[in-house]
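Residue strings, one per chain:
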Amino acid sequence: MPTPLEMQRTFALVGTGGCGKTSLAEMLLFNAGAVTRMGAIEDGTTSLDYEPEEVRRRGSVQPACAAYLWNKNRHFLLDIPGDGNFTGDMECLLKGVDSVLFVLDAVDGVRPLSKKFWSMVRAENLPAMIIINKLDRDRADFHMAFDGLAALGVKPVALQVPIRQGEAFVGVVDVLTGKARMFTENGGSSEAEIPADLTDDVSLLRDVTVENIAESDEVLMEKYLEEGSLSLEDLQLGLRKGVLSGELTPVLACSALENKGGKAVLDAVEALLPSPLERPAFVDAAGAERAPDPDGPVACFVFKTLADPFAGQLSILRVLSGTINGDATLKNMRSEDTERLGSLLYLVGKNQTPCKEPVGPGAIVAVAKLKNTRTGDTLCDEKAPFALPMPELPPQLITYALAPKEKGEEDKVYAAIQRLLDEDITLKLGRDEENGDILLSGMGQLHIELSVEKAKRRFKIDIVLKTPKVPYRETVRGKCQVQGRHKKQSGGRGQFGDCWIEMEGLPRGSGYVFEDAIVGGVIPRQYIPAIDKGVQEAAARGFLAGCQVVDFRVKVYDGSYHTVDSSEMAFKVAGSLAFKKAMEGLKPVLLEPIVLLTVSIPDESMGDVIGDLSSRRGKVLGSDSQAGITEIKAHVPMSEVLRYAPDLRSMTGGQGFFTMEFDHYEEAPQPVAEKVIAEHQAAKAAE
């Protein structure tokens, strides 16, 4: 029998890398009976981290879905990776859920990246609960993590206080009921007396919790002021109302690794988080609304595409409105194709179970082998069109050049990476027009490396990862006038083109300007564009280091032609020769790209990070510190931060993160220019 939609829950696990999201998911699935044994990250046996790259590095690299039953009600969870390399599509993934379990590590508490993730959750207006995990660890500190929530700007409501004996996490006190529960075997617990040393703490915390709940609702506040207390039922109703409005954020304690606290989390998800019917209407790009109504017209959002070795491409979709079954035929609003869904599948990681009943709003199901559907598409009833807008993805941070190990297999490499783009929308594939290199851009060095590893494994092709490409440019200073003359006679019709040009440097960012100043027909009109083309092609090949020449003006003011031997090709060569001669006469310089780097770090790492940025020729523009987290903005040469991620990780104990975007070009210092030019000349000599 299908779950009543009032009791269905669809939520994501969000948190920074290493906070234990996948272990928490494993504990929830085990306690709900969706898996028969608890896997472990260390052993590579969790049900949601199943890709070989995830097993090897002991961390999630792609989101995973799971459907489970709790109290006979169907719930859906989405485990989102926490490493910044693999979170570029988080906004798209959050479109697929109604609420969030935000996970913190009890040892590290709120990290700089936590703040970024929390702001994304809030931007989607998703109700949330916070889970403080890893309370079994030696240095676990629930109160430190709880107090650190101020950095997120939330009003936290502690529902539990952990009970520790020495270093062991042995139970929790339920703040609202005032009862202690001690953990027993297999995720169970039994009622017990509150330890004496916690009585005052719990009492104080309960007062704060009751006040916070009362303040979130005017009726409750009046009752609380009149009577001085609130009943348990009032508190539970007020708490749920506050969670749904985003006013309150409940906090629970657990140890996923030791299977402690999982059943309380499952109960809280069902009791406090919204059903699909309680979420606001979805809104399309034009502002039209679509209510999550099971009897309304069908609309489904594809928030992820996965590759399955047996089923081929799996489209993971969330039902926004209406009710679907396996024989539904829907229109893809982007491609305008019609798609027949075929079998609907419930997922638990890579395991698939046929979905035998129709599913409505909030359901997450997988569909295999759709013809022309990709991540971000909306499938809907043709008679009631609706498309959820695709969020704008963050820019890629790093680009590598790829090459096949065996020459001549470039097309195979390109095709293999192209197939990865279907499932990973944060990758970008292109070609370097200057030298033909295959370029792969992504969210970080690890993102690129693991993507290439995946392509090698799946498509059995050896790919070599070259050094990241730095898009240097060249420009000129001053002004000169030169002649470009091309004359060739080899029997029969010859080649003749002759032009005089004036070339001068322009201010940074001006680009290329071509001026036709020919008078009196000394060069016929039809040959002028050929000179322009010759100059542009020569500029693209560069002069100093094979880098494109930018920010200059060329004026053609004189020349001559031959009625028989002149041609467009001859004048194109003449333009190219004139450009090279002008470059020799001017003072060409190398320009290097400068990026705007924004780094978020714990306050105590500030000195190390600023010192390191200075050593990379960076110019710090300013810094801002809030609640223990410092944000630094700096201009840094791109060549100095190509491999910045591992260095920042070691300086900040894994707690820092950064974003960067191209800002402008600057003249490269002499030693840098000499090195780039020498490398270019060595590469040319080796060809």
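Coordinates for the structure precede this section.
The following paragraphs examine the structure supplied in this document. Please read these numbers as outputs of a predicted model, since none were measured by experiment.

Before going further, it helps to examine the overall build of the chain. Broken down by element type, the chain carries 16 helices and 34 strands. Counting only C-alpha atoms and orienting by the principal axes, one finds that the chain spans roughly 105 × 60 × 50 Å. By residue count, 54% of the 687 residues in the chain fall in the buried class. Long-range contacts, defined here as pairs at least 24 residues apart, represent 72% of the contacts in the chain between residues at least 6 apart. Here the chain has roughly 30300 Å² of accessible surface; of this, 49% comes from carbon and sulfur atoms. Counting 77 positive and 100 negative side-chain charges, the chain places the averaged centre of each group 8 Å from the other.

Further remarks concern the packing of aromatic side chains. The tally for this structure, following the rule as stated, stands at 9 aromatic pairs. Geometrically, the ring pair formed by Tyr-512 and Phe-552 is tilted, given 5.0 Å between the ring centres and 50 degrees between the ring planes. With Tyr-512 in strand E29 (residues 512-516) and Phe-552 in strand E30 (residues 552-560), this pair connects stretches of sequence that are 40 residues apart. For Tyr-512, a relative accessible area of 27% translates into the label partly exposed. With relative accessibility at 1%, the residue Phe-552 sits in the buried group. Ring geometry for Phe-552 against Phe-579: centres 5.8 Å apart, planes inclined by 50 degrees, an arrangement best described as tilted. One end of the pair, Phe-552, is in strand E30; the other, Phe-579, is in helix H13 (residues 568-585), and 27 residues separate them in sequence. With a relative accessible area of 1%, Phe-579 lands in the buried category. Put simply, the rings of Tyr-512, Phe-552 and Phe-579 touch in pairs and so form one group of aromatic residues. Here Arg-74 stacks its cationic end above the ring of Tyr-346, 4.1 Å away from the centre of that ring.

Here we come to helix H10 (residues 410-420). Note: α-helices contain 3.6 residues per turn, so residues at a spacing of three or four share the same orientation. By the burial criterion, the buried members of H10 are Val-413, Ala-416, Ile-417 and Leu-420. Down the axis of H10, the smallest arc covering the buried residues is 95 degrees, so these residues share one side. Residues of H10 that are exposed and point over 90 degrees away from its buried face: Asp-411 and Arg-419. Where H10 is buried, its residues contact strand E22 (398-404), strand E23 (428-431), strand E24 (438-442), helix H11 (445-459) and strand E25 (463-465).

Let's shift gears to the sheet that holds strand E8 (residues 168-174). Pairing is antiparallel in the open sheet, where 4 strands are placed in the order E7-E8-E9-E10. Since the sheet does not close on itself, it has two edges, and those belong to strand E7 (160-165) and strand E10 (189-192), each with one partner. Averaged over all pairs of adjacent strands, the angle between strand axes in this sheet comes to 35 degrees, irrespective of strand direction. Pairing analysis gives 4 bridges linking strand E9 (residues 179-183) to E10, with the strands arranged antiparallel. Counterpart to Met-182 in the pairing with E10 is Ser-190.

For H11, with 15 residues, the first-to-last C-alpha span of 21 Å sits near the 21 Å given by 1.5 Å per residue. Within H11 the residues assigned to the buried category are Gln-445, His-447, Ile-448, Leu-450, Ser-451, Val-452, Lys-454 and Ala-455. Contacts from the buried residues of H11 go to helix H2 (52-57), E22, H10, E24, E25 and helix H15 (644-651). Immediately beyond the C-terminal end of H11, within one or two residues, lies Lys-460, with a positive phi of roughly 50 degrees.

The next point concerns the packing of helix H14 (residues 606-615) against H15. In helix packing, the relevant descriptors are the interaxial angle and the interaxial distance, both defined with respect to the helix axes. One way to put it is that H14 packs onto H15 with a least axis distance of 10 Å and a crossing angle of 150 degrees. The angle between H14 and H15 places the two elements in the roughly antiparallel class. The two elements H14 and H15 meet at a crossing, and its hand is right-handed. Contacts between H14 and H15 pair Asp-608, Val-609, Asp-612 and Leu-613 from the former with Tyr-644, Leu-648 and Met-651 from the latter. Looking at the contact of H14 with H15 residue by residue, the classes come out as 5 nonpolar, no polar and 2 charged.

Each value, and the rule that gives it
Residues numbered from 1 in each chain as written. Predicted model: local features only at pLDDT ≥ 70, side-chain atom pairs only at ≥ 80, totals over all residues. Heavy atoms only, no water. Helix = DSSP H or I, 4+ residues; strand = E, 2+ residues; numbered from the N terminus. Buried < 20%, exposed > 50% of the residue type's maximum accessible area, 1.4 Å probe, protein only. Contact = heavy atoms within 4.5 Å. Areas by Shrake-Rupley, 256 points an atom, 1.4 Å probe, with all protein chains shown as cover. Lys, Arg positive; Asp, Glu negative; His and termini not counted. Charge placed at Lys NZ, Arg CZ, Asp CG, Glu CD. Phe/Tyr/Trp six-rings, centres within 6.5 Å; stacked < 30°, edge-to-face > 60°. Lys NZ or Arg CZ within 6 Å of the ring centre and 35° of its normal. Arc of directions from axis to C-beta. Pairing = 2+ DSSP bridges. Axes fitted to C-alpha atoms, helices over the stretch in contact; angles between N-to-C directions. Expected span 1.5 Å × (residues − 1). Parallel < 35°, antiparallel > 145°, perpendicular 65-115°, else oblique. Left-handed = near helix turned anticlockwise from the far one by under 90°. Nonpolar A, V, L, I, M, F, W, Y, C, P; charged D, E, K, R; others polar.

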